[in-house]
Amino acid sequence: GQDHVEVASTLGNLANVLRHQGDYDQAKVHTGHALHIHQEHYGQDHVEVASTLDNLVDVLRHQGDYDQAKELCQRTINIKQKHYDQDHVQVAFPLNNLANVLWHQKDYDQAKVHFERALHILKEHFGQYHIELITTLRNLGRVLGILRCYSEAEKILCWQLSIQ
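The structure displayed is predicted, hence computed values, not measured ones.

## Re the packing of helix α4 (residues 66–83) against helix α5 (residues 89–104)
Viewed as axis vectors pointing N to C, α4 and α5 meet at an angle of 160°, and their least axial separation amounts to 9 Å. Between α4 and α5, the interaxial angle falls into the category roughly antiparallel. The interaxial crossing formed by α4 with α5 has left-handed handedness. Every residue of α5 that contacts α4 at Y66, A69, K70, C73, Q74, T76, I77, K80 and Q81 is listed here: Q90, V91, P94, L95, N97, L98, V101, L102 and H104.

Below you can see the structure in the form of structure tokens.
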């Protein structure tokens, strides 16, 4: 049926394609439908729900709906911390999403806090010179530059270069 969990997976895949094509309105519709199915099937606090929320956050961020994106990021972090350790690598990804939303809201101090926490988790999980750190290092370096923490920004961006 239309509310089967496999339909949610297909809707999520379709939403991702639409999102990459820039059709955020349709991506939001399909992601919302997938989220509804996942919540009905798994419950409100399941990791599948968190993954779908991550996708919805990306759509909302592209649409400029930062308040709702921020709220959903917090929900995703809470779900993942419930199922994993608070310093588990699965928590780092929604922390990065939250930091990006805060950056778009020009809340650079809080963005810095969340980028730093995500970086700490990623470094502990992957090691200091893993490619998974590059995006977080770049974003943290930018935020530090905006905050005029130039020596810290230089250190972070040089670290990024050492990985690339």
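## Topic: helix α6 (residues 108–126)
Under the 1.5 Å per step criterion, the end-to-end length of α6 is 26 Å for 19 residues, consistent within 8% with the ideal 27 Å. Looking at the buried residues of α6, the elements they touch are α5, α7 (134–146) and α8 (150–163). Phi for G127, located one or two positions after α6, is positive at around 100°.

## Quick word on the side chain of Q160
Tracing the sequence through the fold places Q160 in helix α8. Among residues more than four places away in sequence, those in contact with Q160 are I134, L137 and R138.

Quick notes on the rules
Residues numbered from 1 in each chain as written. Predicted model: local features only at pLDDT ≥ 70, side-chain atom pairs only at ≥ 80, totals over all residues. Heavy atoms only, no water. Axes fitted to C-alpha atoms, helices over the stretch in contact; angles between N-to-C directions. Helix = DSSP H or I, 4+ residues; strand = E, 2+ residues; numbered from the N terminus. Parallel < 35°, antiparallel > 145°, perpendicular 65-115°, else oblique. Left-handed = near helix turned anticlockwise from the far one by under 90°. Contact = heavy atoms within 4.5 Å. Expected span 1.5 Å × (residues − 1).

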